[in-house]
Amino acid sequence: MNIPIKIYPAKPAKVYLYVTCLVNHFSPTTGMDAINLLEREGIEVEVITEQTCCGQPAYNSGYVEQSKQVALSQLELFSLPIPIVILSGSCGGMMRKHYPDLLADHPKVHEFSQRVYELSEFLLHVCQIKLQDNGTATTVTLHTSCSGRREMGIHTTGLKLLSQLNQVTVVEHEYSHECCGFGGTFSVKQADISASMVEDKSKYLSQSNCDSFVSTDWGCMLNINGALQYQSSPLRGEHLATFLNRRLKKAEEVL
Amino acid sequence: MALEPARFKQNARDALKDQILRKNFRGAMDFLRKKRSAMFPDPEYFATLSSYGESVKQQALSQLPDLLLQLEKNCQNNGIQVWWAENADEANQHVLRIIHENSGHKVVKGKSMVSEETGLNDFLQQHDIECIETDMGEYIVQQSGEHPSHIIMPAIHKNVQQIASLFEQIIPGATYTEDVDTLIRMARDEMRQHFYTADIGITGVNFAVASTGTLCLVENEGNGRMSTTIPKIHIAMMGIEKVVAELADIPYLLELLTKSATGQAISTYFNMISSPRKEGEIDGPEQVHLILVDNGRSQAYADEELRQTLQCIRCGACMNHCPVYTRIGGHAYGTVYPGPIGKIISPHLLGLESTQDLPTASSLCGACEEVCPVKIPIPKLLQRLRVESNKASGQAQIMRGQGSSRTRTEALIWQIWSYCCIHPRLYHLLSKMAAMFGFIMPLLKSPWKINRAMPKPAKEDFMSQYKRKKS
């Protein structure tokens, strides 16, 4: 696996936030929580409201031309030379690793890809964030998306953020390195295999006996939460941004 | 048991329901993964060694036609007879001809995946040639009337009870035992008789060195050495991608192979075959034949990206780490090479018509690429094969069966999707409508719902909330 070493810049005054289509549709709270976390660090956050989707669904399905048009349209939205913080390791992998292949002739593609950071990576390595835990004692397990892990190398950043929280015990679930079985259209094109994978993933997450599980990817979580709901399990995943944001709130802010 | 990749989806469904099979594979794959990772405690060392492995193979592939001619010449100078086979049938015909020319009647086989590819065992049987597999795993699957379910461990799908019952049935005088050492002993005693009486030995080749005309064979059981030394004729079959330039290239590949495959620092046997028996020598075969098999590899070779498929050294690490293979096992693929490597090589060997479901059977999780000792970008190649199988007609011919999975409906869906994504106002209008009509989602029929609830869109999407907050 070739993940280039990333050189992180100093904390900027302003960033773009790329919320991703899944956060936009299914978990707007995640976007708001991410804005809050970044603003706490004194960073101005701009969301370009014309953003739609990174193009990954068509790319992974083999419809490269259709994906390319979408990728190009997204690339051209972010004109200022400031970081683009993204709320998914999978869309991040698409923009950082696959855009340079897909839009090879575009003069700005490398500059653009270099500016893409996944949220947990950005908070840890660029903001050098120090988290103050204001919550009560709890246990949590983290599911990292495969693209986050293997295309962006960020499987450790979420854990490092969680480990800063005094009252939070992080538990590793069994087979934590293994895919949840989402894989975009894989989940419907090869539904039986995908279903068996998410069955196992939700089982291992449940067996960790944690109070909650968090992830940095809504793709995986739609899949895993869907399975947990189907099994009538009370466990539900939430985005790391939401979890962190809640831990940081002081008692008076909660009220 | 027939190999039918076109039945992949049904095979996978059946395999997923087989709890014994799933337990056997999960246990075996966990074991193999641990063995491998113990061999590479330092990720930097693996990164460096696999970079060497990758460059050795890429270098060899970049000069493939020249190296093959060099190999042919140097083998011939060493007294090895070289034959070329464009497809499976030509390869089998060469074998049959050599057997007939030497009035052969019985074959012992070391392990050879390329001979599985050509269906050699069935072919020889049809021509009344007795053919016994001598690798323990291959022996077990042959005696069961099955095909290998793993390229390194052919009988990995079976547990000890299943093997004990099999041996009780097929080995004369055997009694049921679950003691592994006793089982191995029984099969070895049985095989020994075949080694005494066979006149032809057939094996594969792990690496062939062009500059010296040397055939390298990696094995653990000694059956490879027996098959290449006892019978008077040795026939080696190899895929054309197995050639490397120099002997100095071998140590990198050998270390990567044994550590990745079985978690061994080195295999028990490493055979270097460079000629038939010479005058005055007391053992070795009288003739050595090398059959160079193309069988679809030239198609992969012709495209620079797809060519990376041919870097494979057949270690099997990709299958050991694959969450799909771990669950459905090797037989479900319906191809000689299962797992991630099978998904990227089989479409070249068999065409995309029958193998079109294989490239889609991956979440592109990348576990395979992470452990590949020669850095084959398997997820990227799967994505590329999806492009090929969805290609519209009338484009340049790259692959046999390209465009096989293209449907008008899917092509139209992606066109509409793309149009919406590049028209933000339309996109966000639809997004709001989706939020309004989100209650319909749980009512839709979808394979998603096998064991998952449908996600419901939020009542107000992020962009609307954000705009409201800003204003």
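A quick note: this is a predicted structure, and the numbers were derived from the prediction, not measured. (Residues numbered from 1 in each chain as written. Chains lettered and ligands numbered in written order. Predicted model: local features only at pLDDT ≥ 70, side-chain atom pairs only at ≥ 80, totals over all residues.)

What follows concerns the overall build of chain A. For chain A, the count of helices and strands is 14 helices and 8 strands. Taken over the C-alpha trace, chain A has a radius of gyration of 18 Å; the compact-globule value for 255 residues is 18 Å, and the two agree within 12%. Its C-alpha atoms put chain A at 50 × 45 × 30 Å along the principal axes. The buried share of chain A, reckoned over its 255 residues, is 56%. Sequence-distant contacts, at least 24 apart, represent 78% of the contacts inside chain A between residues at least 6 apart. (Helix = DSSP H or I, 4+ residues; strand = E, 2+ residues; numbered from the N terminus. Rg over C-alpha atoms; globule rule 2.2 N^0.38 Å. Buried ≥ 20, exposed ≤ 12 C-beta atoms within 10 Å, placed from the backbone. Contact = placed C-beta atoms within 7 Å.)

Helices and strands together make up the secondary structure of chain B, namely 22 helices and 10 strands. Considered along the principal axes of its C-alpha atoms, chain B spans approximately 95 × 55 × 45 Å. Looking at chain B as a whole, 51% of its 471 residues are labelled buried. Nonlocal contacts in chain B, meaning residues at least 24 apart in sequence, comprise 73% of its contacts between residues at least 6 apart.

Take the interface of chain B and chain A next. With 49 residues of chain B at the contact, the number on the chain A side is 52 residues. Going through the elements one at a time, helix 1 (8–17), helix 15 (323–328), helix 18 (367–371), helix 19 (378–389), helix 20 (408–421), helix 21 (424–436) and helix 22 (462–470) of chain B are the ones with two or more residues in the side of chain B that touches chain A. Residues belonging to the side of chain B that touches chain A are distributed by class as follows: 27 nonpolar, 13 polar and 9 charged. (Nonpolar A, V, L, I, M, F, W, Y, C, P; charged D, E, K, R; others polar.)

This part takes up the domain arrangement of chain A. Residues and elements named next belong to chain A. Looking at the assigned domains, one finds that chain A contains domain 1 (14–126) and domain 2 (138–252). A C-alpha centroid distance of 21 Å is found between domain 1 and domain 2. On the side of domain 2, 24 residues touch domain 1, which itself brings 29 residues to the contact. Broken down by secondary-structure element, the contributors of at least two residues to the side of domain 1 that touches domain 2 are helix 1 (21–26), helix 2 (28–40), helix 3 (56–61), helix 5 (89–102) and helix 7 (119–126). (Domains from an automatic or database assignment.)

Below, the discussion takes up the sheet that holds strand 5 (residues 207–209) of chain B. All names here are of chain B. Reading across the sheet, the 4 strands line up as 8-5-6-9 and stay open at both edges, with mixed pairing between neighbours. Two strands in the sheet have a free side with no partner beyond their single neighbour: strand 8 (243–244) and strand 9 (269–273). Two strands pair when backbone bridges link them, and strand 5 and strand 6 (residues 214–219) are joined in this way by 3 bridges, in the antiparallel orientation. Considered in strand 6, the bridge of Val209 is made with Thr214. (Pairing = 2+ DSSP bridges.)

A separate point is the packing of helix 2 of chain A against helix 13 (residues 240–248) of chain A. All names here are of chain A. Where helix 2 meets helix 13, the axes come as close as 8 Å, and the angle between the chain directions of the two elements is 50°. On the basis of their axis angle, the class for helix 2 and helix 13 is oblique. Note on packing geometry: the crossing formed by helix 2 with helix 13 is left-handed. Along its contact with helix 2, which presents Thr29, Thr30, Asp33, Ala34, Asn36 and Leu37, the element helix 13 presents Ala241, Thr242, Leu244 and Asn245. Residue classes in the contact of helix 2 with helix 13 are distributed as 4 nonpolar, 5 polar and 1 charged. (Axes fitted to C-alpha atoms, helices over the stretch in contact; angles between N-to-C directions. Parallel < 35°, antiparallel > 145°, perpendicular 65-115°, else oblique. Left-handed = near helix turned anticlockwise from the far one by under 90°.)

Moving on, we get to the sheet that holds strand 3 (residues 84–86) of chain A. Residue and element names in this part refer to chain A. Read across the sheet, 4 strands follow the order 2-1-3-4 without closing on themselves; strand pairing throughout is parallel. Where the open sheet ends on each side, the last strands, each with one partner, are strand 2 (44–46) and strand 4 (116–118). If you compare each strand with its neighbour and ignore which way they point, the axes differ by 35° on average. Where strand 3 meets strand 4, 3 bridges bridge the pair, whose relative direction is parallel.

Okay, the domain arrangement of chain B next. In many reports, interface size means the accessible area that the parts give up when they come together. When its domains are assigned, chain B resolves into domain 1 (5–158 + 199–298) and domain 2 (408–470). Inter-centroid distance (C-alpha atoms) of domain 1 of chain B to domain 2 of chain B is 51 Å.

Quick look at the nonpolar core now. All names here are of chain A. Counting 195 residues, the largest nonpolar core has Val85 and Ile86 as the members making the most contacts within it. For this core, the element with the most residues is helix 12 (residues 218–230), which contributes 7 residues. Discounting residues that sit within four places of it in the chain, Val85 has contacts with Val15, Tyr16, Leu17, Tyr18, Leu38, Tyr117, Leu119 and Phe122. (Core = buried A, V, L, I, M, F, W, Y, C linked by C-beta atoms within 7 Å.)

Here is the key point about a regular strand: its side chains alternate between the two faces of the sheet. All names here are of chain B. Both faces of strand 4 (residues 200–203) are covered, namely the face carrying Ile200 and Ile202 and the face carrying Gly201 and Thr203. Pairing between strand 2 (residues 106–109) and strand 4: 3 bridges, direction parallel. When the bridges of strand 4 are listed, Val107 appears paired with Ile200. As judged from the 4 bridges shared by strand 4 and strand 7 (residues 233–239), these two strands associate in the parallel manner. Paired with Gly201 across the two strands is His234, which belongs to strand 7.

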